[in-house]
Number of protein chains: 2
Amino acid sequence: MSITIKDVAKHAGVSKATVSRVINHNTSVNKEIKERVLASIEELGYQPNAIARSLANSTSNVIGLILPDIVNPYFPALARGIEDSAHEHGYSLFISNTDNNPDIEQEYIEKMCRQQVGGIILISSILDEEKVNKLAELGVPFVLCDRLIENSQFDTVSIDNYKAAYEAVQRLIRQGYEKIYHLSGPKHIQPADKRRQAYIDAMHEHGLESMYQVGDFSYKSGYERMKSVLEKSKISAVFAANDLIALGAMSAIHEKGLTIPNDISVIGCDDILFAQMSNPKLSTISVPAYKIGATAVKLLVDRIKGVRSKSKNLILNHKFIERES
Amino acid sequence: MSITIKDVAKHAGVSKATVSRVINHNTSVNKEIKERVLASIEELGYQPNAIARSLANSTSNVIGLILPDIVNPYFPALARGIEDSAHEHGYSLFISNTDNNPDIEQEYIEKMCRQQVGGIILISSILDEEKVNKLAELGVPFVLCDRLIENSQFDTVSIDNYKAAYEAVQRLIRQGYEKIYHLSGPKHIQPADKRRQAYIDAMHEHGLESMYQVGDFSYKSGYERMKSVLEKSKISAVFAANDLIALGAMSAIHEKGLTIPNDISVIGCDDILFAQMSNPKLSTISVPAYKIGATAVKLLVDRIKGVRSKSKNLILNHKFIERES
DNA sequence: ATGAAAGCGCTAACAC
DNA sequence: GTGTTAGCGCTTTCAT
């Protein structure tokens, strides 16, 4: 068995309560005693048991992260931002992948509640008002990232997906492209919906015809859709809903013997690690994933500590990155 | 406040112990009573408090994962394998990134111990006998992945890095390449050391001169080293210690106006997601990261449950993937 | 400022 | 087979 607060108390010749007071440095304790306790802690190598603490406090220094899939290259940076910031604030981090399955998502939320996490950062599969209301009943603070519902009682962090996509399409149009195809993301995944709508609006507002196809946020999906598009239509540019799709499209374009950007220009979204490693290097909308994560933790910690009660909806800045595609 | 075991006991007209017995279904309880308790649990929506459970058991259904950096594309698949398998076995997962900093690593290990994790999966920065012995004193089960020290008291999972690299180099030699350069990984990172040694041995055993440079496991490092190599030496093939380095090297080669594999052939190691997305697609040694993760959890869970006491050192199979580079 | 004692929600002897 | 009781290690009234 390991050293407990009782051992320290005995060793320092004080009560458990006093030891507790010095390790939580909130209430004041006699300086001399404090030092004696500190010395005992040092000497015995005492480490407070976080579990016991959590039970007594009915909350823990743990936050939960629930996301679709850490293997999707957009998420590692987000997760890293969350992890760094969490540890900075003294929290540990639980992580689970949902594969966008609402049932699994629900299961993990419950599991984390049983663990009495202090709060949860959720990148949800599907979110509607009803679901949000249910979450609120759980009594655990949530921060919603990327996929959110506006004006909920929860804090949220994201970029302005509509604006980002609109600007990107507008940029292509201004460069003279007219046959711009959109390889969209899945229906009902909020950023995909927003980016699609922005594309449609931008095209129509410039008197151009919109052409798009819904599909997965994956390389394979981008590759396959692009392949079929190339067989049917003559297009001059592609706006992909994310970089993975864009990379897949690039592969299909190369396979067809066409060159990028001379024959077809491609732009993506996210700015994942590989956007700068592709050949040619992918031009894309940079989404500050790391910062979104770090910011989400800040909001959550404030909320846990009760610093703030009004919900905050933060929109971080995106940036268009012009590279070679 | 939420529903506790006491509420359920009262509602079902039994003692807390009985409720505890039914939710842990180990000891036998009267079928009728059992159903009554189950009904009460259902009706009240009772969720056992994992924290209280952990305190009483002095262990938790949580395992910790400590790895260098989730943003490095090799690790997401590993982490995902661990997460899936952990949840399958009823465990939650803590995660922390060390950036290969031994002090941070130590800090996280201690933090997880304070959380009374059931066990820890460690991809360590630096591991020597002394350190391993210290870890053993902690009394928490560890499983070492990828970077390990043989014949320790811990379970380990990895591939045979020496063999994998040796085969890859041999393959190049058999194809007629002679001027094979090795872009190695950092010194003292075990897989990097093994791969480097295998390269050196393979070259010498075939009467060829070994040429290599140590560096980071990063794209940038691969790019820069390759650039300088191209200025000085005439080489015909590159064996990179990982895919990120290989991708960086490919970029430098393209920049120089050379083509792959005609002028220079490149092979990597890991088979990260992007190996199959590059242009040309990267030939590489496939490391079964997901499986390594899933296997590590299995070993750990067995160990936690005391199924096995002798340590196991598992070597999973790698596979050479011939693509276009 | 400090100590004694109750309690957080659960499990595990130990009795019956 | 079931209930009673004593913890697990910590925090937090409530006295002093």
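Treat the numbers as computed from the prediction; the structure is a model and nothing was measured. Counting restarts for each chain, with residues numbered from 1 along the sequence as it is written. Chains carry letters and ligands carry numbers; both start at the beginning, A for chains and 1 for ligands, and go up in the order they are written. Only residues with pLDDT of at least 70 are given local features in this predicted model, and only at 80 or more are side-chain atom pairs given and counted; all residues enter the totals for whole chains, interfaces and linings. Heavy atoms throughout the structure, all of them, feed into the side-chain values; hydrogens and water do not.

## Some remarks on the protein's contact with DNA strand D
Close to DNA strand D lie 27 residues; Ile5(A), Tyr46(A), Thr18(B), Arg21(B) and Asn30(B) are nearest. Here, proximity means that at least one heavy atom of the residue falls within 4 Å of the molecule or strand. When atoms of DNA strand D within 4 Å of the protein are split into backbone and base, the sugar-phosphate part holds 64%. Think of a polar contact as two N or O atoms within 3.5 Å of one another; within protein, one of them needs to be a possible hydrogen donor and the other a possible acceptor, and neighboring residues in sequence only count if both atoms come from side chains. At a separation of 2.5 Å, a phosphate oxygen of DNA strand D approaches a polar side-chain atom of Tyr46(A). For DNA strand D, a sugar or linking oxygen lies 3.3 Å from a polar atom in the side chain of Asn57(A).

## Some points on the pairing of strand E8 (residues 237-240) of chain B
Residues and elements named next belong to chain B. Covered by surrounding structure in E8 are Ala-237 and Phe-239 together with Val-238 and Ala-240, the residues of both alternating faces. Relative to E8, strand E6 (residues 180-183) runs parallel, the two sharing four bridges. In the sheet register, Ile-180 faces E8, and the bridge partner there is Ala-237. By this definition, two strands are paired if DSSP reports at least two bridges between them. Numbering of helices and strands starts at the N terminus; helices are DSSP runs of H or I of at least 4 residues and strands are runs of E of at least 2. As judged from the three bridges shared by E8 and strand E9 (residues 265-270), these two strands associate in the parallel manner. Its bridge partner being in E9, Ala-237 is matched across the sheet by Ser-265. The handedness rule is simple: strands pointing away from the viewer, and a clockwise path from the first strand over the helix to the second, make the crossover right-handed. Remark: the E8/helix H11 (residues 243-255)/E9 crossover connection has right-handed handedness. Relative accessibility thresholds used throughout: buried, under 20% of the residue-type maximum; exposed, over 50%; partly exposed, between the two (1.4 Å probe, protein chains only).

## Side note on the nonpolar core
In terms of nonpolar packing, the biggest core is built from 158 residues, with Ile121(A), Met226(A), Phe239(A), Ile121(B), Met226(B) and Phe239(B) touching the most fellow members. Ignoring anything within four residues of it in the chain, the contact list for Ile121(B) reads Ile63(B), Gly64(B), Leu65(B), Ile66(B), Ile82(B), Val143(B), Cys145(B), Ala296(B), Val297(B) and Leu300(B). Within the second largest apolar cluster, 36 residues are counted, among which are Ile109(A), Val132(A), Phe154(A) and Phe94(B). We define the nonpolar core as a collection of buried residues of types Ala, Val, Leu, Ile, Met, Phe, Trp, Tyr and Cys that are connected through side-chain atoms lying within 4.5 Å of one another. Any two residues whose heavy atoms approach within 4.5 Å at even a single point are treated as in contact.

## What about the domain arrangement of chain A?
All names here are of chain A. Domains are outlined according to an automatic or database domain assignment. With domains assigned, chain A is organised as domain 1 (5-40), domain 2 (60-158 + 289-318) and domain 3 (161-286). Taking the mean C-alpha position of each, domain 2 and domain 3 sit 29 Å from one another. Computed with a 1.4 Å rolling probe, the buried area is the accessible surface lost when two parts are put together, summed over both parts. Regarding the contact of domain 2 and domain 3, the summed buried area is about 970 Å², with carbon and sulfur atoms giving 57% of it. The largest contributions to the domain 2 side of the interface with domain 3 come from Pro-73, Arg-147 and His-318, which together make up 51% of the buried area. Here, a salt bridge means any side-chain nitrogen of Lys or Arg that lies within 4 Å of a carboxyl oxygen of Asp or Glu. Applying the counting rule to domain 2 against domain 3 returns zero salt bridges.

## Considering the packing of aromatic side chains
All names here are of chain A. Classification of ring pairs uses Phe, Tyr and Trp, with its six-membered ring standing for Trp, and accepts pairs whose centres are within 6.5 Å; under 30 degrees between planes counts as stacked, over 60 as edge-to-face, and the remaining range as tilted. Overall, the coordinates contain eight aromatic pairs over all chains when judged by the stated rule. Here the aromatic rings of Tyr-162 and Tyr-166 are separated by 6.1 Å at their centres, their planes lie at 25°, and the arrangement is stacked. With Tyr-162 and Tyr-166 both in helix H8 (residues 161-174), this residue pair falls four residues apart, about one helical turn. Residue classification places Tyr-162 among the partly exposed positions, given a relative accessible area of 28%. Given a relative accessible area of 16%, Tyr-166 falls into the buried group.

## Section: the protein's contact with DNA strand C
Surrounding DNA strand C, one finds 26 residues, the nearest of these being Thr18(A), Asn30(A), Ile33(A), Ile5(B) and Tyr46(B). Of everything in DNA strand C that lies within 4 Å of the protein, sugar and phosphate atoms constitute 67%. Backbone polar atom of Ala56(A) to a base oxygen of DNA strand C: 3.4 Å apart, as the coordinates give it. The contact in question runs from a phosphate oxygen of DNA strand C to an N or O atom on the side chain of Ser20(B), over 2.7 Å. Considering each element in turn, the surface near DNA strand C owes the most residues, five residues, to helix H2 (residues 16-24) of chain B. In the scheme used here, Gly and all other residues not listed as nonpolar or charged are polar, with Ala, Val, Leu, Ile, Met, Phe, Trp, Tyr, Cys and Pro taken as nonpolar and Asp, Glu, Lys and Arg as charged. A class-by-class count of the residues in the surface near DNA strand C yields 13 nonpolar, nine polar and four charged.

## Considerations on the pairing of strand E9 (residues 265-270) of chain A
Residue and element names in this part refer to chain A. Burial runs high along E9: six of the six residues are buried. By the alternation rule, side chains of E9 split into Ser-265, Ile-267 and Cys-269 and Val-266, Gly-268 and Asp-270, which are all buried. Summarising the sheet, E9 and strand E10 (residues 283-286) pair through four bridges and their orientation is parallel. Bridging from a neighbouring strand, Cys-269 pairs with Ile-285 of E10.

## Regarding the interface of chain B and chain A
At the junction of the two partners, chain B supplies 47 residues and chain A supplies 47 residues. If you look at where chain B meets chain A, you find four salt bridges. Of the charged contacts, one joins Arg80(B) and Asp69(A) as a salt bridge, the two residues approaching to 2.8 Å between their closest N and O atoms. Linking chain B with chain A are 19 residue pairs in polar contact (both at pLDDT 80 or more), by the criterion used here. If you list the elements that add at least two residues to the side of chain B that touches chain A, you get helix H4 (50-57), helix H5 (75-88), strand E2 (92-97), helix H6 (102-114) and H11 of chain B. If you tally residues by element for the side of chain B that touches chain A, the top one is E2(B), at six residues. In terms of residue class, the side of chain B that touches chain A is made up of 24 nonpolar, 15 polar and eight charged.

## Description of the sheet that holds E6(B)
All names here are of chain B. If you trace the six strands from one edge of the open sheet to the other, you get E7-E6-E8-E9-E10-E12, paired in mixed fashion. Two strands lie at the open edges of the sheet, namely strand E7 (211-213) and strand E12 (319-321), each paired on one side alone. Looking at each pair of strands side by side, their axes are set apart by 20° on average, direction ignored. On the sheet, helix H9 (residues 190-205) packs against E6, E7, E8 and E9 and is oriented at approximately 165° with respect to E6. Helix axes are fitted to C-alpha atoms over the stretch in contact, other axes to C-alpha atoms as well, and angles between N-to-C directions run from 0 to 180 degrees. Across the sheet, H11 is in contact with E6, E8, E9 and strand E10 (283-286); its angle to E9 comes to roughly 160°.

## Comments concerning the relation of the copies chain B and chain A
Copy-to-copy alignment: least squares on C-alpha atoms, limited to residues at pLDDT 70 or above in both. Once turned by 180° and shifted 0.0 Å along the axis, chain B lies on chain A with an RMSD of 0.1 Å. These values place the two chain copies in the arrangement generated by a two-fold rotation axis. Taking C-alpha positions as the reference, the residue of chain B nearest the rotation axis is Phe94(B), at 2.3 Å. A shared binding surface is used by both copies, with 100% of the interface residues of chain B retained as interface residues in chain A.

## Looking at the UniProt feature "domain: HTH lacI-type" (unreviewed entry) in chain A
UniProt positions are given in the numbering used here, feature names are shortened, and annotations may be inferred rather than shown by experiment. Feature annotation in UniProt places "domain: HTH lacI-type" (unreviewed entry) on residues 3-57 of chain A, given in this structure's numbering. In this annotation, residues 3-57 of chain A is assigned 71% helix and 0% strand; the end-to-end C-alpha distance for the span is 20 Å.

## Details of the environment of Asp270(B)
Looking at the element boundaries, Asp270(B) is found in strand E9. Not counting residues up to four positions away in its chain, the partners in contact with Asp270(B) are Tyr74(B), Arg195(B), Asn242(B), Asp243(B), Thr284(B), Ile285(B), Ser286(B) and Val287(B).

## Quick word on the pattern of salt bridges
What the rule picks out here adds up to 24 salt bridges over all chains. Measuring nitrogen to oxygen at the nearest pair gives 3.9 Å for the salt bridge that ties Asp270(A) to Arg195(A). Of this pair, Asp270(A) sits in strand E9 while Arg195(A) sits in helix H9 (residues 190-205), and the two are 75 residues apart along the sequence. Across the pair, exposure class does not vary: Asp270(A) and Arg195(A) are buried alike. Taking the shortest distance from any N to any O, the salt bridge between Asp271(B) and Arg323(B) comes out at 3.0 Å. Of this pair, Asp271(B) sits in the loop between E9 and E10 while Arg323(B) is found in the segment after E12, placing the two residues 52 residues apart along the sequence.

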